[in-house]
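Fold and contact review
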Amino acid sequence: MAGFTRRDFLRASAWALGGVVVSTGLQGCLSSSSSSSEPTAERNLAFEHGVASGDPLADRIMVWTRVTPQDASTADIEVSWEVASDLAFTELLHSGSASTGEARDFTLKVDVQNLTPGQSYYYRFKANGAVSPVGKMKTLPAAGIEQVRFAVLSCSNFPAGYFHAYAQAAQESELDAVLHLGDYIYEYGTGGYATEDAAALGRSLPSDNNGELFSLSDYRKRYALYRTDTDLQALHAAAPFIAVWDDHEVANDTWMDGAENHNEGEGDFTERKLAALQAYFEWLPVRPASEDDELTIYRSFDFGDLVSLHMLDTRIIGRDEQLNYANYYTPSGFDAARFTADVSDSSRSLLGQSQMNWLQSQIAVSSATWQVLGQQVLMGRMLLPAEMLTALANPAGADLGTALTELVTLKLRVQAGDPTLTPAEIARVQTVIPYNLDAWDGYAYEREVIFGLARSLDKNLVVLAGDTHNAWANNLQTLAGEPVGVEFATAGVTSPGLESYLGLPAEAMPQAEQAIILLVDDLQYLNANQRGYLLVTFTADEARADWRYVSTIKSRDYVMDTARSKALTTLPGRNNRTLNPIV
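In what follows, the accompanying structure is described. None of these values were measured; they are calculated from a predicted model.

Section: the layout of surface pockets
- Approximately 1200 Å³ is the volume attributed to the largest pocket.
- If you go around the largest pocket, you meet 37 residues; those closest to its centre are Asp253, Tyr435, Asn436, Asp438 and Tyr501.
- The element contributing the most residues to the lining of the largest pocket is helix H9 (residues 386–393), with five residues.
- The class makeup of the residues in the lining of the largest pocket is 19 nonpolar, ten polar and eight charged.

In structure tokens form, the structure reads like this:
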């Protein structure tokens, strides 16, 4: 099958491009590819899916809404917008109107231009007497700022639980942006991954969208369901999103030409992917690519001279198919030599050459204090003892508690230089393999290229990750042991984490987490069983990560679990760039 080309990307993006209009000021001239049909003059309408802003630049920002017809008519609808510098909308700066319709699922995106750097604005939409909620947004700052703050989230599975993490993040003060690192929706149907509590929670998939997603209509309806959630709506209204997809916006474990959850008999994968991406562009406040613009979903945002944020696509554009341990087992055992050669192969790519060239250029020319990668999968080396990984893969036949205790005891003895250790005992902790081949560990050469670049250019690198549903923090270093930066990974909003594999009671989790931290050399922090989000704050003197956790996602009633919250920091400079606890 041919790779997913830029032409394919532009095709998916261009379908949504028709939903973008340009606002340059009060009653500013508009650019739109509206349908030729006339909007209906009088209709009962509602803004059931809230408002959103995103992709802020210093002088412009995208705003989004969807207007919902309360009848069966498919006629176009005229929607107006207002942007003001005050909540009362007495200082009106932008206004205009455009039509939207069935061709773009009644969504509308407006590129609001001619704004001032580092300023907050308010926006709303109107249609036939209906008025949307008010959203707040902020443009990128100019040089000289003292702080940049992001809320970082990922992995929100609607049937799995309540979106309390979104509600709490919406209450954070002084947010410059919300970074959503993917798995904004999940493609599974009823009975699929993490749906077992849906009925009890009142979060079952509707009857017209309770199967696996394949068509454009399927994906659109799933976004519409998620965007009825009031907690998600609150976060979208509170701050601009800078978003990128992961795999479940298409199908589980997506790569360039396929996915683990796309099977024979499920149609052409490229067509499925194009449908999924069109719906993504329609429902998220991101700027689409165009024939005149080389920008794709990977893009950079400069927060003054403090932070350069580079959002990456580690899924769709350039990823080679994931390696599979099962392919390396032979009648005589595991073929370690062939596995090692494949996992370190210089031709294996996660980003693709075009994106890699772009990233190298962006990092090289940036003079910001912090180079931040917003991306999906863990970049740190997550090398576990092989027997531990085998036990995790077959929890029913393994006593994980006993295995962890034995391996931790051996690792402590190795670190202490115990001369009584046998070669077999040493091998138990030093024979390590990657925990997850879907992450950067499965694309080791390309990771080393990025680390080498950051080291040679003396850049302060901070990597942000999602995907695993757990909170992690890693020291990042080259194969030669040179520190290059740190990684902060957010817990999922609702998707279950390692607790579903470890099978340990909640009271045993902190001890198990400490054991895993000891066994994985670069790992500095892990929360393996709680849902929440990450707050990252950058100043000239430090980058700080604060992990926030909710007490439960299975009840409407919850509190923040402050006892399990965690903060770590890193300092700039070649002799720092490692994680430090907050004292």
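Description of the sheet that holds strand S26 (residues 483–489)
- Reading across from one edge, S17-S18-S21-S24-S26-S25-S27 is the order of the seven strands in this open sheet, with mixed pairing throughout. Where the open sheet ends on each side, the last strands, each with one partner, are strand S17 (299–303) and strand S27 (523–527). Between one strand and the next, the sheet's axes are offset by a mean angle of 20°, whatever the strand orientation.
- Pairing between strand S24 (residues 461–465) and S26: five bridges, direction parallel.

A closer look at the packing of aromatic side chains
- One pass over the full model with this rule turns up 26 aromatic pairs.
- Arranged with centres 6.1 Å apart and planes meeting at 25°, the rings of Tyr186 and Tyr193 form a pair that is stacked.
- A relative accessible area of 1% means that Tyr186 is categorised as buried.
- The exposure class of Tyr193 is partly exposed, given its relative accessible area of 27%.
- Judged by centre distance (5.9 Å) and plane angle (90°), the ring pair of Trp245 and Phe281 falls under edge-to-face. Taken together, the positions of Trp245 in the loop between strand S14 (241–243) and strand S15 (254–255) and Phe281 in helix H6 (residues 269–283) put the pair 36 residues apart, joining distant regions of the chain. For the pair Trp245 and Phe281, a shared accessibility class is recorded, and that class is buried.
- Among the aromatic side chains, those forming a connected cluster through ring pairs are Tyr325, Tyr328, Tyr329, Phe334 and Phe339.
- Over the ring of Phe163 we find Arg203; its NZ or CZ atom is 4.8 Å from the centre of that ring.

Describing the environment of Gln147
- One can find Gln147 in the loop between strand S11 (135–138) and strand S12 (148–153).
- Judged by its relative accessible area of 30%, Gln147 is partly exposed.
- In the structure, Gln147 is positioned 391 residues away from Phe538 in sequence and 5.6 Å away in space, judged by C-alpha atoms.
- When neighbours within four sequence positions are excluded, Gln147 is seen to be in contact with Glu174, Asp176, Leu306, Thr537, Phe538 and Thr539.
- Among the polar contacts made by the side chain of Gln147, one reaches the side chain of Glu174 at a distance of 3.3 Å.

Focus on the packing of H9 against helix H10 (residues 400–415)
- Their axes nearest at 10 Å, the elements H9 and H10 cross at an angle of 170°. One way to sum up the angle between H9 and H10 is to call them roughly antiparallel. Between H9, through Glu387, Met388, Ala391 and Leu392, and H10, the contact on the second element is made entirely by Leu400, Leu404 and Leu407.
- Across the contact of H9 with H10, the residue classes tally to six nonpolar, no polar and one charged.

The rules behind these values
Residues numbered from 1 in each chain as written. Predicted model: local features only at pLDDT ≥ 70, side-chain atom pairs only at ≥ 80, totals over all residues. Heavy atoms only, no water. 1 Å grid on protein atoms, 1.4 Å probe; cavity = no way out; pocket = protein on both sides within 12 Å on 5 of 7 lines; lining within 4 Å. Points joined across faces, edges and corners; volume = space filled by probe spheres on them. Helix = DSSP H or I, 4+ residues; strand = E, 2+ residues; numbered from the N terminus. Nonpolar A, V, L, I, M, F, W, Y, C, P; charged D, E, K, R; others polar. Pairing = 2+ DSSP bridges. Axes fitted to C-alpha atoms, helices over the stretch in contact; angles between N-to-C directions. Phe/Tyr/Trp six-rings, centres within 6.5 Å; stacked < 30°, edge-to-face > 60°. Buried < 20%, exposed > 50% of the residue type's maximum accessible area, 1.4 Å probe, protein only. Lys NZ or Arg CZ within 6 Å of the ring centre and 35° of its normal. Contact = heavy atoms within 4.5 Å. Polar contact = N/O pair within 3.5 Å; in protein donor to acceptor, adjacent residues only side chain to side chain. Parallel < 35°, antiparallel > 145°, perpendicular 65-115°, else oblique.

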